[in-house]
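# Per-entry structural report
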Amino acid sequence: MNKNLFLLASSALVMLASCSGEKTQPNAGAIRIEADTVAVPVRVAKVVAQDVPQLVEFTANVEANKSNDIAPQSPVRITEIKAEVGDRVSQGQVLVIMDNTNLANAKTQLDNAKVEFARIDELYKVGGASKSQWDAQKTNLDVLQTSYNNMLENTTLRSPITGVVTARNYDAGDLYSGKAVLIVQQIQPVKLLINVNEQYFSLIREGMQIDNITFDAYPGETFSGRVSIVYPTLDAASRTFPVEIKITNADNRVRPGMFARVMINFGTKRHVVVPDQSVVKQTGSGDRYVYTVGSDNRVSYDLITLGRRIDNTYEILSGVEDGATVVVFGQNRLANGKLITVVE
């Protein structure tokens, strides 16, 4: 009897477990179906295309319009330096005097050559010297004259431009050893060299006025310049072309080495503008996305190309159609194809 009771109890437990399993399976399926149809509450905004100013910012370092190294051609001792850093100098002004020992020797050789040539010239005129002798003496005189002129130029160093002394690397008595004695730069005007994207090649031209140039040294102030050179070729790697802009700099406030920002207006283009809150940055990449709402109240995760930031909006170059509805709040609970419900 005890054995039969045990078998009966075991059978009852098996049947109970079987019945329990059949009842829980439908409930689990119902939970999954319900989860797939739960709408995520979000806030949305309708976006439209509008005329967007095509303002593009470029950066550059200020450069002198011209820069000259004041230096002799050979290692000579410096006798006198006649200018200091910051001095304004004129074209042709004597700036440095080098040791003239070699110059004096060259002058003596030149004087002797002149006497010899005068003697040969007189003999040649009366038939006392041949044409080859006359030619040889004339050649020797010309060589010594050229050498003397070159040495004279490299003994008394003059400024080739009107400008400002911006560097001094020696003192009087030093032996010149290759580095410029002085550097003179022309800073009226100064120039900026920017690299402009290929898409603007047909929109920028020489003589174009640039009215929005700023410098970190003068916050809140703007300066004007003019395009002086548009380089005719593009860099194949960066797809950019150099553009030179000159600033008159009449007051000498802009100095070489300053950091400049150049804003150029290339007109307007009609582009969609979206709230900045709608833009989602994908983790681990530089890509930007928005959630666009479809007619079935499901969202699509769309890659976009950003243009300019305008206050609290972004210009969209591609990825969002005019009149589209985008999610501006609640993106952290969304995924591609997710059902949404709009809340205020």
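Attention here is on the structure that accompanies the text. (Residues numbered from 1 in each chain as written. Predicted model: local features only at pLDDT ≥ 70, side-chain atom pairs only at ≥ 80, totals over all residues. Heavy atoms only, no water.)

Closest axis-to-axis distance for the helix α2 (residues 101–125)/helix α3 (residues 131–153) pair is 9 Å, and the angle between their directions is 155 degrees. Compared by their axis directions, α2 and α3 come out roughly antiparallel. For the pair α2 and α3, the crossing hand works out as left-handed. For the contact of α2 with α3, the per-class residue count stands at 13 nonpolar, six polar and six charged. (Axes fitted to C-alpha atoms, helices over the stretch in contact; angles between N-to-C directions. Helix = DSSP H or I, 4+ residues; strand = E, 2+ residues; numbered from the N terminus. Parallel < 35°, antiparallel > 145°, perpendicular 65-115°, else oblique. Left-handed = near helix turned anticlockwise from the far one by under 90°. Nonpolar A, V, L, I, M, F, W, Y, C, P; charged D, E, K, R; others polar.)

Before going further, it helps to examine the nonpolar core. Among the nonpolar cores identified, the biggest contains 31 residues, and Leu192, Ile194, Ile204, Ile213, Phe215, Ile245 and Ile264 are the most heavily contacted of them. For this core, the secondary-structure elements that each account for two or more residues are β2 (48–61), β9 (182–197), β10 (209–215), β11 (223–230), β12 (240–247) and β13 (259–275). Counting residues per element, this core draws most heavily on β9, at five residues. Dropping the residues within four chain positions of it, Ile245 is found in contact with Val190, Lys191, Leu192, Ile194, Ile210, Ile213, Gly225, Arg226, Val227, Ser228 and Val262. Counting 17 residues, the second-largest nonpolar core is a separate cluster that includes Ile70, Ile81, Leu95 and Tyr170. (Core = buried A, V, L, I, M, F, W, Y, C linked by side-chain atoms within 4.5 Å. Buried < 20%, exposed > 50% of the residue type's maximum accessible area, 1.4 Å probe, protein only. Contact = heavy atoms within 4.5 Å.)

Right, let's talk about the environment of Leu141 for a bit. Checked against the element boundaries, Leu141 lands in helix α3. Each C-alpha atom of the pair Leu141 and Asp111 lies 9.2 Å from the other, and the pair is 30 residues apart in sequence. Apart from the residues lying within four places of it in its own chain, the contact partners of Leu141 are Leu110, Ala113, Lys114 and Phe117.

Right, let's talk about α2 for a bit. In this model α2 runs 37 Å from its N-terminal to its C-terminal C-alpha over 25 residues, within 8% of the 36 Å that 1.5 Å per residue would give. Of the residues making up α2, those classed as buried are Leu103, Ala106, Leu110, Ala113, Phe117, Ile120 and Asp121. Summarising the contacts, the buried residues of α2 are in contact with α3. Positioned one or two residues after α2, Gly127 has a phi angle of 85 degrees, which is positive. (Expected span 1.5 Å × (residues − 1).)

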